[in-house]
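Below, each chain spelled out in residue letters.
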Amino acid sequence: MSNRNDNKVVKWNVKDGPSTFLEYVGHTEQINSIKILNSENFATASSDDTIKLWNINTGELLCSLNQNDNVYLLEITPLGHLAIAVDNQFRYDCFFYKK
């Protein structure tokens, strides 16, 4: 998985060569952080003031969390139930999710 300059996340097909396998579309500005949550979901943080939760296999956008500012960093606790989002003023928000 990687992000591109067009505000999309890309899942690559590395088995058959470096080709785009699936695109995740929904952010309107730069994606700053991508975190794999489990075998089915991942989260992205963006300069569009949102955190988005995605289905890895289908590309479906599961939810979008609005923040107060650009989100530059997204971290997941070792137990995987709490995410911490940090903006450019080092303010943070915490939220819980179910696996």
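Structure's up top.
What counts as what
- Residues numbered from 1 in each chain as written.
- Predicted model: local features only at pLDDT ≥ 70, side-chain atom pairs only at ≥ 80, totals over all residues.
- Heavy atoms only, no water.
- Helix = DSSP H or I, 4+ residues; strand = E, 2+ residues; numbered from the N terminus.
- Areas by Shrake-Rupley, 256 points an atom, 1.4 Å probe, with all protein chains shown as cover.
- Phe/Tyr/Trp six-rings, centres within 6.5 Å; stacked < 30°, edge-to-face > 60°.
- Buried < 20%, exposed > 50% of the residue type's maximum accessible area, 1.4 Å probe, protein only.
- Salt bridge = Lys/Arg side-chain N within 4 Å of Asp/Glu carboxyl O.
- Pairing = 2+ DSSP bridges.

(A) Representation of the overall build of the protein chain within the structure. Check the secondary structure of the protein chain and you find zero helices and 10 strands. Secondary structure elements in the protein chain, listed N-terminal to C-terminal, are β-β-β-β-β-β-β-β-β-β. Counting only carbon and sulfur atoms, one obtains 51% of the accessible surface of the protein chain, whose full area is about 6100 Å².

(B) How the structure looks around the packing of aromatic side chains. Within the structure shown, the criterion is met by three aromatic pairs. Centre to centre, the rings of Tyr24 and Trp54 are 5.9 Å apart; their planes meet at 75 degrees, and the pair counts as edge-to-face. Note that Tyr24 is positioned in strand β3 (residues 19-24) and Trp54 in strand β6 (residues 50-55), a separation of 30 residues in sequence. You can call Tyr24 buried: its relative accessible area is 1%. Each ring, one from Phe42 and one from Trp54, has its centre 6.1 Å from the other, and the planes form 15 degrees; the classification is stacked.

(C) Inspection of the pattern of salt bridges at higher detail. In the structure shown here, the tally under the stated rule is two salt bridges. Between Lys8 and Asp6 there is a salt bridge, with the nearest N and O atoms lying 4.0 Å from each other. Since its relative accessible area comes to 33%, Asp6 is described here as partly exposed. The residue Glu23 makes a salt bridge to Lys8 at a minimum N-O spacing of 3.5 Å. Placement of Glu23 in strand β3 and of Lys8 in the loop between β1 (2-3) and β2 (9-13) is noted, with a sequence separation of 15 residues between them. On the accessibility criterion, Lys8 (22% relative accessible area) is partly exposed.

(D) Region of interest: the pairing of strand β5 (residues 41-46). Counting buried positions over the six residues of β5 gives six, a clear majority of the element. Neither face of β5 is open: one carries Asn41, Ala43 and Ala45, the other Phe42, Thr44 and Ser46, and all of them are buried. Examined bridge by bridge, strand β4 (residues 31-36) and β5 share five bridges and lie antiparallel to one another. Counted as the bridge partner of Lys35 is Ala43 from β5.

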